[in-house]
Amino acid sequence: MGLFEKIFSKSSQKIYGSSYWQALTAYSPVFTTRGGNAYESELVRAAIDARARHISKLNIETSGTAKAGTMARLKRQPNEFHTWAQFLYRLDTILDMQNTAFIVPIFGKSGEVVGIYPVLPSSCELIEHNNDAWLRYKFRNGKSAALKLSECGVLTKFQYDHDVFGGSRTALNNTLDLIDLQNKGIKEAIKNGATYRFMAQLNNFSTSEDIRKERENFNNTNFAGENGGGMLLFPNTYKDIKQINSTAFVVDSNQMKMIETNVHNYFGVNEAILQNKATSAELDAFFNGVIEPFAIQLSEVLTKMFFSEMEIERGNAIYIAANRLQYMSVSEKISLSQQLGDRGAIMIDEIRELFNYPPLPDGNGQRVPIRGEYYFVGEEDKEEEEQTDAT
């Protein structure tokens, strides 16, 4: 059994929609992959990798009591093929490349959801079947399968044209063309730098036949047989012999900086993030602008996939969380631990987590440390203070 059969049941492979689901916009409800050629660009891949690496550190948390067994299984791993770090990395990479990412549920033998998987179809259609909206995925291997839209998760970026799918990547095409031309220019410059070309004037040749014979004689003398690879010999009939120097065009540093800035702006990263040199303030800004929006969208998508409206109203939810304080410097973490820990605002295990230490055994870290000079003011304490003030 292949991966396709493990994810999609036989019944889902036999769904043929009678028509497209009626969309509000005039655009056809069809998603088509834009290809992976942009991912072959070193700069683009580095930008996507920087985002995905940080997003892969997110944690999955659940609330509520509904589907307890499924939630316990989901917290361990999203499916039998991925860890959560791998799942999040791949999901964000697909989203950045396609502006649309699909999550499909994996059903067990009894029809229960046993996992989720990020799929990369060549196209996806929003079709109608039994008066419901279905997503029909088509893959490069020619296989297709359909699932209810309500059962699937769809993450989007630049959503404007379509009701369900994200926008195209055409805004980045001009920058990608410049990157491609720049790389070709550098390659040609290296080739030209390793070759020598000459031009010369021929005298006393009046017919084209004479010129042809002279060309053949020159090639045989300099390049044919044992003569090849040596010094070029010019007869005295050649005049004004000059070397041709060709210079390939490459963009200057300012133009290259503009290209890099375009890519950084598009993916929401900068050089400090790419090279792991960002300060705690820069990482915090990166969290607010990139990681947190992704976590919020994925949290809402997964919650909608797994729980009904009634279950959501009762407090059941899946949320993707990150310890933002991990981005602080060591000195900032120590100061924060002292200020909040002394006042009982955080538990011991929460302090240890800031420094990547494991929780204390036997639940000893689930306690709140408070310094001796701090105490809780209760009703009795208030009355005693009031009597003291009155005296």
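Refer to the structure above for everything that follows.
A. Up close: the pairing of strand E6 (residues 123-129). Of all 7 residues that make up E6, 5 are buried, and the element is covered over most of its length. Two elements, strand E2 (residues 30-32) and E6, share 3 bridges in a ladder whose sense is antiparallel. Across the sheet, residue Thr 32 finds its bridge partner in E6, namely Ser 123. Across 7 bridges, E6 lies against strand E7 (residues 132-138) in antiparallel orientation. Looking at the pairing, His 129 lines up with Asp 132 of E7. Two successive antiparallel strands, E6 and E7, enclose a turn made up of 2 residues, where Asn 130 displays a positive phi of approximately 55°.

B. How the structure looks around the nonpolar core. Counting 52 residues, the largest nonpolar core has Ile 103, Ile 116, Leu 155, Phe 294, Leu 298 and Phe 306 as its most contacted members. The biggest single contributor to this core is helix H9 (residues 280-306), with 12 residues. Residues contacting Leu 298, with those up to four places away along its chain left out, are Leu 88, Leu 91, Ile 103, Leu 155 and Ile 320. Core analysis: the second largest hydrophobic core is formed by 21 residues, Phe 8, Val 104, Ala 145 and Val 154 among them.

C. Main features of helix H6 (residues 208-222). Taking 1.5 Å of rise per residue, the 15 residues of H6 would be expected to cover 21 Å, and the 21 Å separating its terminal C-alpha atoms lies within 8% of that figure. Along H6, the residues classified as buried are Glu 214, Phe 218 and Asn 222. Along the axis of H6, the buried residues cluster in a sector spanning 50°; they form a single face.

D. Focus on the packing of aromatic side chains. Across all of its chains, the model carries 13 aromatic pairs by this definition. Taking 6.2 Å as the distance between ring centres and 40° as the angle between the ring planes, the aromatic pair formed by Phe 8 and Tyr 137 counts as tilted. Separated by 129 residues along the polypeptide, Phe 8 in the loop between helix H1 (3-7) and strand E1 (19-20) and Tyr 137 in strand E7 bring together distant segments of the chain. Per residue, the accessibility class of Phe 8 equals that of Tyr 137, and both read buried. Ring centres of Phe 8 and Phe 139 lie 6.0 Å apart, and the angle between their planes is 50°; on these two criteria the pair is classed as tilted. Here Phe 139 lies in the loop between E7 and strand E8 (144-148) and Phe 8 lies in the loop between H1 and E1, a separation of 131 residues in the sequence. Comparing Phe 8 with Phe 139 shows no difference in burial state: the two are buried. Taken together, the aromatic side chains of Phe 4, Phe 8, Phe 31, Phe 102, Tyr 137, Phe 139 and Phe 165 make up a single cluster linked through ring pairs.

E. Focus on helix H4 (residues 84-98). With 15 residues, H4 should reach 21 Å at 1.5 Å per residue; the first-to-last C-alpha distance of 21 Å fits that figure. Within H4, 11 of the 15 residues are buried, which leaves it mostly tucked inside the rest of the structure. For H4, the set of buried residues is Trp 84, Phe 87, Leu 88, Leu 91, Asp 92, Thr 93, Ile 94, Leu 95, Asp 96, Met 97 and Gln 98. The positive-phi residue at the C-terminal boundary of H4 is Asn 99, with phi of around 65°.

F. Fine view of the sheet that holds strand E9 (residues 153-156). Taken together, the 3 strands give an open sheet; going across it, the order is E5-E4-E9, and neighbouring strands pair in antiparallel fashion. In this open sheet, the two strands that pair with only one neighbour each are strand E5 (113-119) and E9. Each strand axis lies, on average, 20° off the axis of its neighbour in the sheet, ignoring direction. Bridge count between strand E4 (residues 100-107) and E5: 6 bridges; the pairing is antiparallel. Bridging from a neighbouring strand, Ile 106 pairs with Gly 115 of E5.

G. Summary view of the packing of helix H2 (residues 42-55) against H9. Across the interface, H2 lies against H9 with an axial gap of 11 Å and an inter-helix angle of 80°. Here H2 lies roughly perpendicular to H9, going by the angle between them. Here Ala 50, Arg 51, His 54 and Ile 55 of H2 lie close against H9, whose contacting residues are Leu 283, Phe 286, Val 290, Ile 291 and Phe 294. A breakdown of the residues in the contact of H2 with H9 according to their chemical character gives 7 nonpolar, 1 polar and 1 charged.

H. Molecular detail of the state of the cysteines. Per the stated rule, a full pass over the model turns up 0 disulfides. Note on Cys 124: no disulfide assigned, nearest cysteine sulfur contributed by Cys 152 at a separation of 7.7 Å. By relative accessible area, Cys 124 is classed as buried at 0%.

Conventions used here
Residues numbered from 1 in each chain as written. Predicted model: local features only at pLDDT ≥ 70, side-chain atom pairs only at ≥ 80, totals over all residues. Heavy atoms only, no water. Buried < 20%, exposed > 50% of the residue type's maximum accessible area, 1.4 Å probe, protein only. Helix = DSSP H or I, 4+ residues; strand = E, 2+ residues; numbered from the N terminus. Pairing = 2+ DSSP bridges. Core = buried A, V, L, I, M, F, W, Y, C linked by side-chain atoms within 4.5 Å. Contact = heavy atoms within 4.5 Å. Expected span 1.5 Å × (residues − 1). Arc of directions from axis to C-beta. Phe/Tyr/Trp six-rings, centres within 6.5 Å; stacked < 30°, edge-to-face > 60°. Axes fitted to C-alpha atoms, helices over the stretch in contact; angles between N-to-C directions. Parallel < 35°, antiparallel > 145°, perpendicular 65-115°, else oblique. Nonpolar A, V, L, I, M, F, W, Y, C, P; charged D, E, K, R; others polar. Disulfide = S-S within 2.5 Å.

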